[in-house]
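# Remarks on the overall topology
Chain residues, written in single-letter form:
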Number of protein chains: 2
Amino acid sequence: MVKPISQTMEKTEKISTEVKILAAAEEVFLKSGYDGSRMQEIADLAGINKAMLHYYFRSKDALFERIFEQKFSQFFPKIQELTTMPISFTEKVCIYVELHTNLLRQNPYLPLFIINTVHKNNDFVKKMPLLLFSEFAKSYYTDLAANKVKDLNPLQFLMSVMSMCVFPFLSKPILCSSINISDQDFDTLMNNRPEEIKRYVRAILMP
Amino acid sequence: MVKPISQTMEKTEKISTEVKILAAAEEVFLKSGYDGSRMQEIADLAGINKAMLHYYFRSKDALFERIFEQKFSQFFPKIQELTTMPISFTEKVCIYVELHTNLLRQNPYLPLFIINTVHKNNDFVKKMPLLLFSEFAKSYYTDLAANKVKDLNPLQFLMSVMSMCVFPFLSKPILCSSINISDQDFDTLMNNRPEEIKRYVRAILMP
DNA sequence: AATAGGTTTAACCATTTGGTTAGTTTTGCC
DNA sequence: GGCAAAACTAACCAAATGGTTAAACCTATT
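What counts, and where the lines are drawn
- Residues numbered from 1 in each chain as written.
- Chains lettered and ligands numbered in written order.
- Predicted model: local features only at pLDDT ≥ 70, side-chain atom pairs only at ≥ 80, totals over all residues.
- Heavy atoms only, no water.
- Helix = DSSP H or I, 4+ residues; strand = E, 2+ residues; numbered from the N terminus.
- Buried < 20%, exposed > 50% of the residue type's maximum accessible area, 1.4 Å probe, protein only.
- Contact = heavy atoms within 4.5 Å.
- Areas by Shrake-Rupley, 256 points an atom, 1.4 Å probe, with all protein chains shown as cover.
- Buried area = accessible area lost by both parts, 1.4 Å probe.
- Salt bridge = Lys/Arg side-chain N within 4 Å of Asp/Glu carboxyl O.
- Polar contact = N/O pair within 3.5 Å; in protein donor to acceptor, adjacent residues only side chain to side chain.
- pLDDT = per-residue confidence, 0-100.
- Least-squares fit on C-alpha atoms with pLDDT ≥ 70 in both.
- Phe/Tyr/Trp six-rings, centres within 6.5 Å; stacked < 30°, edge-to-face > 60°.
- Core = buried A, V, L, I, M, F, W, Y, C linked by side-chain atoms within 4.5 Å.
- Expected span 1.5 Å × (residues − 1).
- Bend = angle between axes of the 7 residues up to and from the residue.
- Axes fitted to C-alpha atoms, helices over the stretch in contact; angles between N-to-C directions.
- Parallel < 35°, antiparallel > 145°, perpendicular 65-115°, else oblique.
- Nonpolar A, V, L, I, M, F, W, Y, C, P; charged D, E, K, R; others polar.

On to the overall build of chain A. Tallying secondary structure elements over chain A gives nine helices and zero strands in all. Taking all 207 residues of chain A together, the buried fraction comes to 49%. Considering only residue pairs separated by 6 or more positions, chain A has 70% of its internal contacts joining residues 24 or more positions apart. In the structure as shown, chain A presents an accessible area of about 10,600 Å², 53% of it carried by carbon and sulfur atoms.

Here it is in structure tokens:
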């Protein structure tokens with residue numbers, strides 16, 4: 001039997017308790033939210049004693065906040081550099097669509113988790129202004145001056161693009177139940193979605 | 001002092017306990033969801049004894065289900081007749097946009113409440129197939145044959161339109177926090193939104 | 001006024017739940 | 001091996017919470 005080397009169990013094959021807790025907490029919180037999650041459930045999933053949760057993370061609030069911060073930073077694709085690239089506004093939006101849709105395909109629970117948490121307590125958000133709206137708007141107005149895009153309200157437009165990317169993942173359960181499509185059908189739909197949205201984006205922006 | 005007339009207090013000016021409970025339960029459940037709501041909170045808001053909740057509605061589950069069913073039926077605008085009207089697909093979609101956006105402006109908590117509930121237990125939905133997808137799709141294909149609309153995937157398109165209508169109300173807290181707009185700004189945005197979406201719809205559908 | 005039935009209340013109950021603690025085991029180091 | 005610190009466990013605790021009950025209170029009818 002392999003034994004851990006250091007007291008803090010770093011650099012060992014054995015998964016540290018802390019990591020096991022974080023993985024379990026992520027799964028439970030993401031699926032059930034703060035109110036719907038139980039500390040015992042997290043402990044059971046991690047295969048450890050419930051007291052360990054408090055030993056490592058002090059309280060449910062602290063553990064939740066840890067998970068939320070990590071998940072919140074993952075919610076939006078990393079497009080900081082994109083905003084300053086020498087490509088058209090339309091292309092920037094299309095790249096965002098591609099990135100965000102694929103990101104959410106791999107993290108389908110993310111949107112509902114984030115929205116619920118912020119809905120309950122919007123103090124969480126303040127720290128990170130990750131929606132680079134003003135950068136995108138600037139790019140839009142540059143292209144508008146060059147008559148490369150139609151005249152419209154950029155906030156309304158970007159809100160619409162984000163809506164088309166994110167909302168399907170929120171409405172999946174309703175959609176699947178009400179028009180009777182399977183999980184596989186939904187996945188196919190989401191696979192084709194970036195192309196479809198990009199077509200809409202171009203149609204809307206074409207001057 | 002006005003006294004109630006009948007034993008069951010029907011037809012009196014005095015608001016019946018049952019109605020007070022339903023109003024309070026609606027407010028609390030809508031804001032906090034099932035897990036986040038407390039029976040005591042509902043009783044306090046209704047200004048009645050907690051035991052009354054069980055006297056009239058037996059259990060938290062039963063009370064919640066009562067509220068959910070009512071709210072779920074309000075989530076989607078009544079457009080049954082619309083589907084059979086002799087107007088173009090584009091016009092039908094535009095009318096839906098107008099109706100749904102305005103409906104949600106008056107019930108901004110509705111989408112998150114519905115989505116959360118169905119996410120936790122999608123058995124709720126089965127009963128009412130209120131998304132008249134097939135009706136709309138039929139109308140689309142009629143217009144496609146007449147070359148009045150562009151060739152696209154109607155499910156993807158209608159999902160997009162619904163996204164643009166509903167998602168802003170879900171993302172309001174994030175939006176307001178991250179790009180720092182006030183409740184009034186948001187209301188103005190939502191006031192202008194139907195027109196903006198309809199412009200997008202026409203641009204996308206134009207053959 | 002007496003009665004009977006629905007309505008309301010306060011006190012109570014059992015369970016769940018986040019959190020703590022005292023003591024035991026493991027681990028790294030001398 | 002011995003020791004001290006860290007990791008871990010089981011048992012426990014107090015508060016919260018959904019739910020119940022027995023008694024009191026109205027209200028309409030007789």
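On we go.
Moving on to the interface of chain B and chain A. Facing 44 residues of chain B, the contacting portion of chain A comprises 44 residues. Taken over both partners, the interface formed by chain B and chain A buries close to 4,500 Å², and the fraction arising from carbon and sulfur atoms is 74%. Counting the contacts that link chain B with chain A gives zero salt bridges. In this structure, the connection of chain B to chain A is made through 13 residue pairs in polar contact (both at pLDDT 80 or more). Taken together, the elements giving at least two residues each to the side of chain B that touches chain A come down to helix H1 (17–36), helix H6 (110–120), helix H8 (154–178) and helix H9 (183–205) of chain B. Looking at which element gives the most residues to the side of chain B that touches chain A, the answer is H8(B), with 17 residues.

With that settled, the discussion passes to the confidence of the model for chain A. For chain A, the mean per-residue pLDDT works out to 90, and 89% of the residues sit at or above 70. Contacts of residues 1–13 of chain A to residues separated by more than four positions or lying in other chains number seven contacts, the stretch itself having pLDDT below 50.

Turning next to the relation of the copies chain B and chain A. Note on the identical chains: chain B maps onto chain A by a rotation of 180 degrees and an axial translation of 0.0 Å, with an RMSD of 0.0 Å. The two molecules are tied by a two-fold rotation axis, judged by turn and shift. Of all interface residues in chain B, 100% are interface residues in chain A too; the two copies therefore contact each other through one and the same surface.

Next up on the list: the packing of aromatic side chains. Residue and element names in this part refer to chain A. For the structure on display, the rule yields 28 aromatic pairs over all chains. Relative to Phe-68, the ring of Phe-64 has its centre 6.5 Å away and its plane inclined at 15 degrees; by these criteria the two rings are stacked. A residue pair is termed a helical-turn pair when its members lie 3 or 4 positions apart in one helix, as Phe-64 and Phe-68 do in helix H4 (residues 60–75) at four residues. Between Phe-68 and Phe-72, the aromatic rings sit 5.3 Å apart at their centres with planes inclined by 25 degrees, giving stacked as the arrangement. Of this pair, Phe-68 and Phe-72 are both found in helix H4, four residues apart, which corresponds to roughly one turn of the helix. A single burial state applies to Phe-68 and to Phe-72, both of which are buried. Within the aromatic cluster, the residues linked to one another by ring pairs are Phe-29, Tyr-34, Phe-64, Phe-68, Phe-72 and Phe-113.

Of all hydrophobic cores here, the largest spans 130 residues; its most connected members are A:Phe157 and B:Phe157. In contact with A:Phe157, not counting residues within four places along its chain, are A:Phe89, A:Val93, A:Leu152, A:Val201, A:Ile204, A:Leu205 and B:Tyr200.

Okay, unusual backbone geometry next. All names here are of chain B. With a phi angle near 60 degrees, Asn-147 is a residue other than glycine that sits in the positive phi range. With respect to the helices, strands and loops of the structure, Asn-147 is situated in the loop between helix H7 (133–145) and H8. Residue Asn-147 is classed as exposed on the basis of its relative accessible area, which comes to 57%. The phi dihedral of Asn-180 falls on the positive side, at around 60 degrees, and the residue is not glycine. Checked against the element boundaries, Asn-180 lands in the loop between H8 and H9.

Moving on, we get to helix H1 (residues 17–36) of chain A. All names here are of chain A. If you check H1, its first and last C-alpha atoms are just 23 Å apart, much less than what 20 residues at 1.5 Å a residue would give, namely 28 Å. For H1, the principal kink sits at Leu-30 and spans about 80 degrees. For H1, the set of buried residues is Thr-17, Ile-21, Leu-22, Ala-24, Ala-25, Val-28, Phe-29 and Leu-30. Of the surrounding elements, those touching the buried residues of H1 are helix H2 (39–46), helix H3 (50–57), H4 and helix H6 (110–120).

Further remarks concern the environment of A:Phe157. Mapped onto the secondary structure, A:Phe157 falls in helix H8 (residues 154–178). C-alpha of A:Phe157 to C-alpha of A:Leu205: the two residues are 48 residues apart in sequence and 9.2 Å apart in space.

Okay, the packing of helix H2 (residues 39–46) of chain B against helix H3 (residues 50–57) of chain B next. Helix-helix packing is described using two parameters, namely the angle between the two axes and the distance between the axes. All names here are of chain B. H3 packs onto H2 with a crossing angle of 100 degrees between their chain directions and a minimal axis gap of 8 Å. The pairing of H2 with H3 is recorded here as roughly perpendicular in orientation. Side by side, H2 and H3 meet where Met-39, Gln-40, Ile-42 and Ala-43 of the first sit next to Lys-50, Leu-53 and His-54 of the second. Of the residues assigned to the contact of H2 with H3, the class counts are four nonpolar, two polar and one charged.

All names here are of chain B. Note that Arg-199 resides in helix H9. Judged by relative accessible area, which is 45%, Arg-199 ranks as partly exposed. Each C-alpha atom, one on Arg-199 and one on Cys-94, is 9.0 Å from the other, the two residues being 105 residues apart in sequence.

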